[in-house]
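For reference, the chains in residue letters:
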Amino acid sequence: MSIDRKAVDHVARLARLDLSEVELDVMLTELQEILGHAEQIQALDLDGVEPMSHSVPMVNSMRPDEVKLSLTQEEALANAPEVEDHRFKVPRIMEDEG
Amino acid sequence: MTQVQDLYETTVGLEIHVELSTASKMFCGCRVSFGGDPNTRTCPVCLGMPGSLPVPNEKAIEFTMKIGLALGCKIAEHSLFHRKNYFYPDMPKNYQISQYDSPLCHEGAVEISGDWGTHKVGITRVHLEEDTGKSIHIGGGGRIADSDYSLEDFNRAGTPLVEIVSEPDIRSADEARAFVTDLRATIEALGVSDVRMEEGSMRVDANVSVRLKGAKEFGAKVEVKNMNSIRSVVRALEYEEERQRKALDAGEMLVQETRHFDEKTGVTSSMRTKEYAFDYRYFPEPDMVPFEPAETWVGSIRESLPERPAARRARFAEEYGLGAKDVEVLTSSFKAAQWFEAAAAAYPGDAKKVVNWIIADLFGLLNEAGLELWESKIAPSQLANLVTLIDSGKISGKQAKLVLGGMFETGNDPEKVVAEKGLEQVSDAGAIEAVVDEVIAENADAAGKVRSGNLGTIGFLVGQVMKKSKGKANPQMVNELLRRKLS
Amino acid sequence: MTDLHWMSALELADALDAKDVSSREITEALVARGDALEERLGTFLHRTSERALEEADAADARRSAGEAKSRFDGIPVAYKDLFVTKGVPTTSGSKILKGFVPPYDATVVARSDAAGLPMLGKTNMDEFAMGSSTENSGYQKTRNPWDTERVPGGSSGGSAAAVAAGMTPWAWGTDTGGSIRQPASLCSLVGVKPTYGYVSRYGMIAFASSLDQAGPLTRTVADAAALLEIAAGHDAMDSTSIRDERPALLDGIDGGIEGLRIGVVKEFVGGGSDGVRAVTDEAYARLEKLGATLVEVSLPSFQHGIPAYYLVAPAECSSNLARFDGVRYGARVEADDIIKMTSRTRSEGFGAEVKRRIMLGTYALSAGYYDAYYGKAQKVRTLITQDLAKAYEKVDLIATPSSPTTAFKIGERTDDPLAMYLSDIFTVPVNLAGNAGISVPAGLAPDDGLPVGLQLIAKSLDEPTMFKAAYAFEQDLGFATSPEGRASI
């Protein structure tokens, strides 16, 4: 299951990375090498082994429904690259086209 | 229905999002409320600032399980939150914390009924996720595709949002209406959401497909979005059903797509989204540990559940002897049902009388004012008092209508309105007798006819007495006095 | 008296208590040391010297009023730039966060502040903690005080170099696959990766959420215990934070290791460079001499640690780093639509290694590949955890080298990502299982004369045993506390 250039292009779009042709080529070689190293675990027979997504043997970690102080509007917007009308300004939104 | 339409059958599955009315957001302590100055209810967590972490709101988990149990679902013994990854500027982390293959609740069913009978709609799952912020599109008439730029407000970001997914068991727009109405009443009764479609605290998306009757495969699944009222759901589904039937008639291939419903034109149009945009790369949310709700917790939620709409409908028919139409009107909303039951409880007699006053008279006033039953100034006990006043003969039915109008305007007790309007019936036997005597004297002919056994004429004499008393005399007493004196 | 800048935090605490020295004097000495060395070493991304001096004065005032916030009130600390600091620029070593001034403090920072530790500044690191040499910083390279031609290790290389150079007695780092223990080893320091959930992750800019842990970098084992105690404990802001009481670490640290069973990993025997092997073999012998019993344990799944780690960590990072989109904070490259703006911002803001891992992680999670890559890697974690659990039936701790090699030359591994990834071969499995690990100085390698660290691994929440063993080893070796144990810079 080797990664190809088409997959690299697709993944770059999904990850919102604007990579040049050269970068995409280099990326392909590097990812192939790293994924090649991962082949040793792909070969393992792990049927019946539970996947481990958390390192703590805990369940039901919750907080009570209590209102806490929010940031001020000024604090919330202080780091924004661009603000208009107390909102974060972004260029034209394209519907999800990857 | 035409012959042609009968060749096809429609399948609808609904996906309903409900914003929970917790005090604080899903993963942080910011207040949940509608609107407000932009970006005034945010914090590092709901702004997706680096380093911030989500801590789930216990109440939101509880509310979700409440909805699940009310919809007959099983509660998962082990449930996980997942990240749904996609970029969108109204989503601060560019992933949504949602649930994927292990939702909190699954496998429920709801019973709906209408002209087409009664049947079950399966509930696939009920899960919990977080809401996004809100974008405003500037330029191009506010439409996203034509706008120059957009502005983001994150006040709503992180509001707990429950997603309810139905099985594709719905077969018409009217069934969808019944399902959504029932669902709304159920959730309203639980007190876990405002369920206001206009404000977006309840949002309905539909998957619609039409196929030839008896076909094994479902037709192409079309997702319809942006329906902002139950009325819109019906209109959009009717339109979409018709569109797909016509396309099939014309031999066209339908494609799986997402379509946008336009409230103004009543038409759906394709949103032209590309397929690869939907590689959401779900994986278990590492910032949160799994949920394994204790049986005692689930049990106590189960015990606290209010009556389900279907059960309430049956009970109303049985307990109050109401017809199907009255039951439907009174149970379409939990608050309406609650209002009626409070009035019925305050009234010692046959509750049907109260129902008649609600449906025949009060609804007229409410409709004119654009109010719901529970929003009127009249308290349920006040309506019960009004009906009691009629029973006791203090006012006539005709007067009661005037009194109801006064109560509706002022919210005053019926007794007060009666006194203010001088509508009190005269039930003082002496006073009535004097008028009766006067009338007998002035209408000797008619009185004679009654004496000689022509009882039909007694109505004329009653009318004369009522006229002389300006309608205040108790007609029952007038009748009795006339009969006695002319027997 | 030793130079103030070479004194341990515990020694400084005693000196403060005896009124031999003021917090201002200590802080001034450290700031001066920083002024003298910073240019050569490149340890800090942002220094807060003035603030540190103000905080030192406040600490002195508290002490003379008998209101010290803690035993360590007035002893300065440095933070890896991955911890968000209210009002102080925070970049996580990335250009994409240039100019970001957080409106809140990480819990580690808030708790250190509550103990009265003045903030010296924010230290350099591999961008978003991705790297083992601190060469991946978006801003500067950091040099190893033992040999400035060499890397200090990473990703907490700035914190490590600052402590090793005597610019601070202690510093906070973070460890996702070895990012505290490996630089500790390369700079002859004590570095601790506590049990997952031991220290709150709130305000740590996430790299791989299920692996990240904060921990101390210090010159002595006792200092590490002390700094860890300051920030450890349950935090309501982190739902993966362990609720149990944290046992005392400093108290009873000198309890010795008589009777402890220490595992030596069969599969690792012969692993590492010759110099590393020579030093660690000696270290195992010393542990035995101190009364521990050495037991061979088999951890066959450890060989899969690196490939599993390089699927799990990139997958999580690809999602964690999605928030850097040019909308709410940080850098933005202007463009006329949102997709171009975000894509260009990310392409220019992230460095090569970060982009590589985002790509790798996105691929590992994408439709059709999840089961083969991410899903499999998560199962390998289960195997590693089970192997460790089996080993703990026979032993109390497991000993390994911390790093397979001593500090390498700057630029030596930058063109070979895979070789760089192998730097973490001994440390990664500990993160994957959520266990605790400590790297303690074990001396200098006979071949290149550079520091070597011994790693001791403990089961979750058994930090007290781990610290006792590390302390006994350190005291008996006497290296870290001697002048030879300090970088001569």
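A word on the overall build of chain C. Along the backbone of chain C there are 15 helices and 11 strands. Here the C-alpha atoms of chain C give a radius of gyration of 21 Å, agreeing with the 23 Å that 2.2 N^0.38 yields for 489 residues. Taken along the three principal axes of its C-alpha coordinates, chain C extends 65 × 55 × 45 Å. Classification of the 489 residues of chain C by burial places 70% in the buried group. The long-range share in chain C, meaning contacts at least 24 apart out of those at least 6 apart in sequence, stands at 77%.

Our next topic: the overall build of chain B. Counting secondary structure elements, chain B contains 15 helices and 14 strands. Its C-alpha atoms give chain B a radius of gyration of 30 Å, more than 25% over the compact-globule value 23 Å for 487 residues. A burial count over chain B gives 54% of its 487 residues as buried. Of all intrachain contacts in chain B linking residues separated by at least 6 positions in sequence, the fraction that spans at least 24 positions is 70%. Summed over all atoms, the accessible surface of chain B reaches about 21200 Å², with 50% contributed by carbon and sulfur. Positive and negative side-chain charges in chain B, numbering 58 and 73 respectively, have mean positions lying 4 Å apart.

Residues with a pLDDT of 70 or more make up 100% of chain C, whose mean pLDDT is 96. Our summary of model confidence lists the complex with pTM equal to 0.88 and ipTM equal to 0.96.

Okay, the environment of Arg346(C) next. Of note, Arg346(C) is situated in helix α10 (residues 338-349). With relative accessibility at 0%, the residue Arg346(C) sits in the buried group. With near-sequence residues (within four places) excluded, Arg346(C) lies in contact with Ala15(A), Arg16(A), Leu17(A), Phe87(B), Ile96(C), Leu321(C), Ala322(C), Phe324(C) and Ile358(C). One polar contact links the side chain of Arg346(C) to the main-chain carbonyl oxygen of Arg16(A), over a distance of 3.1 Å.

Here we take up the pattern of salt bridges. Per the stated rule, a full pass over the model turns up 59 salt bridges over all chains. Its salt-bridge partner being Arg315(B), residue Glu341(B) comes within 2.7 Å of it at the nearest N-O pair. With Glu341(B) in helix α7 (residues 334-346) and Arg315(B) in helix α5 (residues 309-320), the pair connects residues that are 26 residues apart, well separated along the chain. Arg315(B) sits in the partly exposed class, given a relative accessible area of 23%. A salt bridge links Arg277(C) to Asp274(C); its shortest N-O distance comes to 3.2 Å. With Arg277(C) and Asp274(C) both in helix α8 (residues 274-289), this residue pair falls three residues apart, about one helical turn. Via salt bridges that share partners, Glu82(A), Glu84(A), Lys89(A), Arg332(C) and Glu334(C) belong to a single interconnected network.

In this section: the domain arrangement of chain B. Frequently, the measure chosen for interface size is the accessible area that the parts lose on association. Residues and elements named next belong to chain B. Here chain B is described as being made up of domain 1 (2-301), domain 2 (307-421) and domain 3 (429-486). Computed from C-alpha atoms alone, the centre-to-centre distance between domain 1 and domain 2 is 36 Å. The partner domain 2 presents 11 residues to the 11 residues of domain 1 that form the contact. Taken together, both faces of the contact between domain 1 and domain 2 bury some 860 Å²; the carbon and sulfur share is 43%. When residues of domain 1 are sorted by the area they lose upon contact with domain 2, Ala185, Glu188 and Ala189 head the list and together hold 45% of the total.

With that settled, consider the sheet that holds strand β10 (residues 202-212) of chain B. Each strand in a sheet pairs with another by means of backbone hydrogen bonds, the pair being arranged parallel or else antiparallel. All names here are of chain B. Pairing is mixed in the open sheet, where nine strands are placed in the order β2-β5-β6-β9-β1-β10-β11-β12-β13. One side of each edge strand has no neighbouring strand; the edge strands of this open sheet are β2 (74-75) and β13 (267-270). Bridge count for β2 against strand β5 (residues 105-114) is two bridges, and the pairing is antiparallel. Among the inter-strand pairings, Lys74 is bridged to a residue of β5, identified as His106.

Tallied over the full model, the rule gives 26 aromatic pairs over all chains. A centroid spacing of 4.1 Å and a plane angle of 15° characterise the contact between Tyr100(B) and Tyr282(B), whose relative ring orientation is stacked. With Tyr100(B) in the loop between β4 (95-98) and β5 and Tyr282(B) in the loop between β13 and β14 (283-284), this pair connects stretches of sequence that are 182 residues apart. A residue is classified by how much of its surface remains accessible, and Tyr100(B), at 38% relative accessible area, is partly exposed. Judged by its relative accessible area of 18%, Tyr282(B) is buried. Chaining the aromatic ring pairs together yields one cluster made of Phe100(C), Phe128(C), Phe324(C), Tyr329(C) and Phe350(C). Over the face of the ring belonging to Phe44(C) we find Arg47(C), whose NZ or CZ atom lies 6.0 Å from the ring centre. We note Arg246(C) situated over the ring of Tyr198(C); from NZ or CZ to the ring centre the distance is 5.3 Å.

The next thing to look at is the interface of chain A and chain C. Counting residues at the interface gives 53 residues for chain A, matched by 66 residues for chain C. Among the residues of chain A in contact with chain C, Arg16(A), Met52(A) and Asn79(A) are the three that bury the most area, contributing 13% of the side total. Our enumeration of links across chain A and chain C arrives at four salt bridges. Glu23(A) is the partner of Lys355(C) in a salt bridge, and the nearest nitrogen-oxygen pair spans 3.5 Å. Across the chain A-chain C interface, the total number found is 22 residue pairs in polar contact (both at pLDDT 80 or more). For the side of chain A that touches chain C, the elements supplying multiple residues, two or more each, are α1 (5-14), α2 (21-42) and β2 (87-91) of chain A.

Let us now look at the interface of chain C and chain B. With 38 residues of chain C at the contact, the number on the chain B side is 30 residues. Both faces combined, the contact of chain C with chain B buries some 2600 Å², and carbon together with sulfur accounts for 60% of it. The largest contributions to the chain C side of the interface with chain B come from Ser239(C), Arg323(C) and Arg328(C), which together make up 23% of the buried area. The interface formed by chain C and chain B holds one salt bridge in total. Arg201(C) serves as the salt-bridge partner of Asp287(B), at 3.1 Å between the closest nitrogen and oxygen.

With that settled, the discussion passes to the nonpolar core. Membership of the largest hydrophobic core comes to 262 residues, with the highest contact counts inside it found for Ile164(B), Phe179(B) and Phe467(C). Dropping the residues within four chain positions of it, Phe467(C) is found in contact with Val192(C), Val221(C), Ala224(C), Ala225(C), Leu228(C), Leu249(C), Ile253(C) and Ile438(C). Counting 36 residues, the second-largest nonpolar core is a separate cluster that includes Phe316(B), Leu322(B), Ile358(B) and Leu383(B).

This paragraph deals with the side chain of Arg219(C). All names here are of chain C. Counting through the fold element by element, Arg219 comes out in the loop between β6 (213-218) and α7 (221-231). Of the polar contacts made by the side chain of Arg219, one reaches the backbone oxygen of His5; its length is 3.2 Å. A polar atom in the side chain of Arg219 sits 3.0 Å from the backbone oxygen of Met7. Ignoring anything within four residues of it in the chain, the contact list for Arg219 reads His5, Trp6, Met7, Val163, Gly166, Thr168, Pro169, Leu189, Val190, Glu474 and Ala480.

Right, let's talk about the environment of Leu161(B) for a bit. Residue and element names in this part refer to chain B. Tracing the backbone through its elements, the reader meets Leu161 in strand β9 (residues 160-166). Placed 140 residues apart in sequence, Leu161 and Ser21 show a C-alpha to C-alpha distance of 9.4 Å. Leaving out residues up to four positions away in the same chain, Leu161 has contacts with His17, Val18, Glu19, His127, Leu128, Glu129, Glu130, Asp131 and Arg203.

Because an α-helix packs 3.6 residues into every turn, residues spaced three or four apart end up facing the same way. All names here are of chain C. The terminal C-alpha atoms of helix α15 (residues 463-477) lie 21 Å apart, and with 15 residues this matches the ideal 21 Å at 1.5 Å per residue to within 8%. Burial within α15 is extensive, with 11 of its 15 residues counted as buried. Residues Glu463, Pro464, Thr465, Met466, Phe467, Ala469, Ala470, Tyr471, Ala472, Phe473 and Glu474 constitute the buried set of α15. Residues of α15 that are buried make contact with β5 (190-193), α7, α8, β9 (397-401), β10 (436-444) and β11 (451-458). Gly478 occupies a position one or two residues after α15 and carries a positive phi of about 65°.

Cut-off values and rules
- Residues numbered from 1 in each chain as written.
- Chains lettered and ligands numbered in written order.
- Predicted model: local features only at pLDDT ≥ 70, side-chain atom pairs only at ≥ 80, totals over all residues.
- Heavy atoms only, no water.
- Helix = DSSP H or I, 4+ residues; strand = E, 2+ residues; numbered from the N terminus.
- Rg over C-alpha atoms; globule rule 2.2 N^0.38 Å.
- Buried < 20%, exposed > 50% of the residue type's maximum accessible area, 1.4 Å probe, protein only.
- Contact = heavy atoms within 4.5 Å.
- Areas by Shrake-Rupley, 256 points an atom, 1.4 Å probe, with all protein chains shown as cover.
- Lys, Arg positive; Asp, Glu negative; His and termini not counted.
- Charge placed at Lys NZ, Arg CZ, Asp CG, Glu CD.
- pLDDT = per-residue confidence, 0-100.
- Polar contact = N/O pair within 3.5 Å; in protein donor to acceptor, adjacent residues only side chain to side chain.
- Salt bridge = Lys/Arg side-chain N within 4 Å of Asp/Glu carboxyl O.
- Domains from an automatic or database assignment.
- Buried area = accessible area lost by both parts, 1.4 Å probe.
- Pairing = 2+ DSSP bridges.
- Phe/Tyr/Trp six-rings, centres within 6.5 Å; stacked < 30°, edge-to-face > 60°.
- Lys NZ or Arg CZ within 6 Å of the ring centre and 35° of its normal.
- Core = buried A, V, L, I, M, F, W, Y, C linked by side-chain atoms within 4.5 Å.
- Expected span 1.5 Å × (residues − 1).

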